[in-house]
Amino acid sequence: MKFGYKVCQIVKKIPRGKVLTYKKVAELAGRPRAFRAVGNILNKNRDPKIPCHRVIRSDGKIGGYKNGQKRKIELLKKEQAL
DNA sequence: CGTATGACGTGCA
DNA sequence: GTGCACGCCATAC
């Protein structure tokens, strides 16, 4: 619970035009080995107040998105442009 | 409480 | 450089 809560705070703090990796978020959350749980939490919670679309993989790829990777790509492109 | 899942990451072939 | 398999942590059922 605390972990997921912290992850939410971190992701919500991500400014526009910036993206963090699951690993980075997990590190900031205090569990650099829980990068898997990070995506899992965002996936099951998919909170609209959490710009989870700003969280990408360490490979630089988009990764996944409950609403659809396409939507994530669109959002990233749009926000990065701003 | 225990098992299975999941939006990942790293290592080896 | 690409592909496959294993390992890891938290959440949900």
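Quick note: structure is the one above.
**A few points about helix H1 (residues 2-12)**
- Along H1, the residues classified as buried are Phe3, Gly4, Val7, Cys8, Ile10 and Val11. Taken around the axis of H1, the buried residues stretch over an arc of 165°, which confines them to a single face. Every exposed residue of H1 that faces more than 90 degrees away from the buried side is listed here: Lys2 and Tyr5.
- Check the buried side of H1 and you find it contacts strand S1 (20-21), helix H2 (22-29), helix H3 (35-45) and strand S2 (55-56).

**A short note on the state of the cysteines**
- Under the definition given, this model contains zero disulfides.
- Free cysteine: Cys8, not disulfide-bonded; nearest cysteine sulfur from Cys52 at 9.3 Å.
- We classify Cys8 as buried; its relative accessible area is 15%.
- Looking at Cys52, the relative accessible area reads 10%, which means it is buried.

**Some remarks on the environment of Arg54**
- By secondary structure assignment, the location of Arg54 is in the loop between H3 and S2.
- Spatially, the C-alpha atom of Arg54 lies 6.6 Å from that of Leu76, the residues being 22 residues apart in sequence.
- Contacts of Arg54, omitting those with residues within four sequence positions, involve Ile14, Pro15, Arg16, Lys18, Val19, Leu20, Leu76 and Glu79.
- Polar contacts involving the side chain of Arg54 include one to the main-chain carbonyl oxygen of Ile14, which spans 2.5 Å.

**Brief notes about the protein's contact with DNA strand B**
- Taken together, 15 residues are adjacent to DNA strand B, and Lys23, Arg36, Asn40, Asn43 and Ser58 come closest.
- Expressed as a percentage, the sugar and phosphate content of the atoms of DNA strand B within 4 Å of the protein is 51%.
- The contact in question runs from a base nitrogen of DNA strand B to an N or O atom on the backbone of Asn43, over 2.8 Å.
- The contact in question runs from a base nitrogen of DNA strand B to an N or O atom on the backbone of Gly64, over 3.3 Å.
- If you list the elements that add at least two residues to the surface near DNA strand B, you get H2 and H3.
- By residue number, the principal contributor to the surface near DNA strand B is H3, which donates seven residues.

**Observations regarding the layout of surface pockets**
- Reported here for the largest pocket is a volume of approximately 530 Å³.
- Taken together, 22 residues make up the lining of the largest pocket; nearest its centre are Tyr22, Gly39, Leu42, Gly64 and Lys72.
- Elements with a minimum of two residues in the lining of the largest pocket: H2 and H3.
- The element best represented in the lining of the largest pocket is H3, accounting for five residues.
- Among the residues making up the lining of the largest pocket, the classes are represented as eight nonpolar, six polar and eight charged.
- Counted as a void, the second largest pocket has a volume near 160 Å³.
- Every element with two or more residues in the lining of the second largest pocket is listed here: H1 and H3.

Calculation criteria
- Residues numbered from 1 in each chain as written.
- Chains lettered and ligands numbered in written order.
- Predicted model: local features only at pLDDT ≥ 70, side-chain atom pairs only at ≥ 80, totals over all residues.
- Heavy atoms only, no water.
- Buried < 20%, exposed > 50% of the residue type's maximum accessible area, 1.4 Å probe, protein only.
- Helix = DSSP H or I, 4+ residues; strand = E, 2+ residues; numbered from the N terminus.
- Arc of directions from axis to C-beta.
- Contact = heavy atoms within 4.5 Å.
- Disulfide = S-S within 2.5 Å.
- Polar contact = N/O pair within 3.5 Å; in protein donor to acceptor, adjacent residues only side chain to side chain.
- Near = heavy atom within 4 Å.
- 1 Å grid on protein atoms, 1.4 Å probe; cavity = no way out; pocket = protein on both sides within 12 Å on 5 of 7 lines; lining within 4 Å.
- Points joined across faces, edges and corners; volume = space filled by probe spheres on them.
- Nonpolar A, V, L, I, M, F, W, Y, C, P; charged D, E, K, R; others polar.

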